[in-house]
Amino acid sequence: MKKSTKFGIVAAIAAMVAAPLVPSAATAAPTTAAAAGTAAATKSGPTSIAYVEVNNDQLANVGRYTLSGGANAFDVAIIFAANINWNGSKAVLVNNDKVQATLDNAATQIKPLQAKGIKVSLSVLGNHQGAGIANFPTQAAASDFASQIAATVSKYGLDGVDLDDEYSDYGANGTPQPNQQSIGWLITALRAQMPGKLISFYDIGPASSSLSSSSSTIGSKLDYAWNPYYGTYSAPSIPGLGKDRLSAAAVDIQNTAQSTAVSLASRTKADGYGVFMTYNLPGGDKSAYVSALTQQLYGQAATYR
C-alpha cells in the first residue's frame, strides 16, 4: 500500500437473520460479550466501527476500550488496508508487510478481539495500478477476485471484508474505465462465496455511483455502508440498505475535533441510524475522546485497559 493514511477522505458490520443472499453470522450489533468467564454485557445503540491504520498502530487496541457496563466500546474492527494490484492481466489481492504481519499474528491481533465478541474485517482498496472494485470487465473477473478475498478471509479466520473504491487510478497500465456492473458482480460473488460473513462498503468513488442506482437486490447483499468524509454527516443512498445499516457520521479519531465528533454521535442516535463509523484509532489511551462518543451513543463512559 503506497498510502499510510487517508488524507481527508479515507474509510462491517453486523450480520442479519439468516435469509437467502443475506449474511447469517453472529451479530456485530451492540450485544457484545464481556471478558471470558463473566456474564454477557450488553449495550443499546448503534453498531460502532473502528478502522485501524495497521501501518502505524496495533489492531488489538480496539479491544482495550470497555464501557462502564462491561460491553465493548467498539463492535467491528477493520484492518486498513489490503490492496488491489494489477499483475498485467487481472486484479490480485496483495498485503503490504504491516497488513501481512497483522494477519500472521492473528493470535495476538485478531483472535483476542473475536473472543470479546468484536468482529474483524479486512479493508480492500486500490493501489494506483488501474485495478479496483469498479472496473472488473466481466462477471468472471469479479468472481475471481471475490475468490481471492474469500480465501484470505477463510485462511486468517476473519469475519468479513470492507470494500473501498479509492486510489485505483482507473486506466493506468491499460486497465479499463469503471462500468456500472462491476461492483454488483463483486458483491454478488462475495455473498455467494462467503455466506454468513460481513460485507461493508465505504461509500466513495465510481462504485458508489453504481450502487446508488443499483437494484435493492444488490443492496440487500451488503451488511453496512458509511459516509467516507470525516467530520461530516451524510448517509449513503443504496437501494435495499435501510438506515439501521448506515452510518451518516464519519469520524477520524486523530483529526476530527472532539466537539464535532460528539455532535455527530448525538445526531446519529437522534436520527435512528444503526451504525457509527470511526477511523484511525491510535495506540495509547484515547478514552476521553472515545468516552465522549460512547456517552452519546450508549449512555456509558468508556475506559482503556
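In case you missed it, the structure is sitting above this.
My aim in this report is to walk through the structure given alongside it, one point at a time.

Here is what the cut-offs are and how they apply
- Residues numbered from 1 in each chain as written.
- Predicted model: local features only at pLDDT ≥ 70, side-chain atom pairs only at ≥ 80, totals over all residues.
- Heavy atoms only, no water.
- Helix = DSSP H or I, 4+ residues; strand = E, 2+ residues; numbered from the N terminus.
- Buried < 20%, exposed > 50% of the residue type's maximum accessible area, 1.4 Å probe, protein only.
- Pairing = 2+ DSSP bridges.
- Axes fitted to C-alpha atoms, helices over the stretch in contact; angles between N-to-C directions.
- Parallel < 35°, antiparallel > 145°, perpendicular 65-115°, else oblique.
- Left-handed = near helix turned anticlockwise from the far one by under 90°.
- Contact = heavy atoms within 4.5 Å.
- Nonpolar A, V, L, I, M, F, W, Y, C, P; charged D, E, K, R; others polar.
- Core = buried A, V, L, I, M, F, W, Y, C linked by side-chain atoms within 4.5 Å.
- Salt bridge = Lys/Arg side-chain N within 4 Å of Asp/Glu carboxyl O.

1. Regarding the overall build of the protein
Looking only at helices and strands, the protein features 9 helices and 12 strands. Of all 305 residues assigned to the protein, the portion counted as buried reaches 57%.

2. Quick look at the pairing of strand β3 (residues 76-86)
For β3, the tally of buried residues reaches 10 of 11 residues, placing the bulk of the element in the interior. Here β3 pairs with strand β5 (residues 119-126) via 7 bridges, running parallel. Paired with Ala-77 across the two strands is Val-120, which belongs to β5. As defined by bridge partners, β3 adjoins strand β4 (residues 91-94) across 4 bridges and the pair is classed as antiparallel. Residue pairing for β4: Asn-85 is matched across the bridge by Val-92.

3. Some details on the environment of Trp-226
Tracing the backbone shows Trp-226 in strand β8 (residues 224-226). In the structure, Trp-226 is positioned 10 residues away from Pro-236 in sequence and 6.1 Å away in space, judged by C-alpha atoms.

4. Section: the packing of helix α4 (residues 139-155) against helix α5 (residues 182-193)
Where α4 meets α5, the axes come as close as 8 Å, and the angle between the chain directions of the two elements is 45 degrees. On the basis of their axis angle, the class for α4 and α5 is oblique. Seen along the crossing, α4 lies across α5 with a hand that is right-handed. Facing Gln-139, Ala-142, Ser-143, Phe-145, Ala-146, Ser-147, Ile-149 and Ala-150 of α4, the residues of α5 in contact are Ser-182, Trp-185, Leu-186, Ala-189, Leu-190 and Gln-193. A class-by-class count of the residues in the contact of α4 with α5 yields 9 nonpolar, 5 polar and no charged.

5. A look at the nonpolar core
Soluble globular proteins tend to bury their nonpolar side chains together. One finds Ile-79, Leu-163 and Leu-186 to be the most contacted residues of the largest nonpolar core, which totals 75 residues. Once residues within four sequence positions are removed from consideration, Ile-79 is found in contact with Val-52, Val-54, Leu-59, Val-99, Thr-102, Leu-103, Ile-110, Val-120, Ser-121, Leu-122, Ser-123 and Leu-158. With 18 residues, the next largest nonpolar core counts Ile-49, Tyr-224, Met-277 and Tyr-279 among its residues.

6. A word on the pattern of salt bridges
Within the structure shown, the criterion is met by 3 salt bridges. As a salt-bridge pair, Asp-75 and Lys-43 come within 3.3 Å of each other at their nearest N and O atoms. On the criterion of sequence distance, the pair formed by Asp-75 in the loop between β2 (65-67) and β3 and Lys-43 in the segment before β1 (47-53) is long-range, its members being 32 residues apart. Note that Lys-90 is salt-bridged to Asp-144, the shortest N-O span being 3.3 Å.

7. A closer look at the side chain of Thr-268
Structurally, Thr-268 can be placed in helix α8 (residues 258-271). We classify Thr-268 as buried; its relative accessible area is 0%. Sequence-distant contacts of Thr-268, that is, excluding residues within four places in its chain, are made with Pro-46, Tyr-233, Ala-249, Tyr-273, Val-275, Phe-276 and Leu-297.

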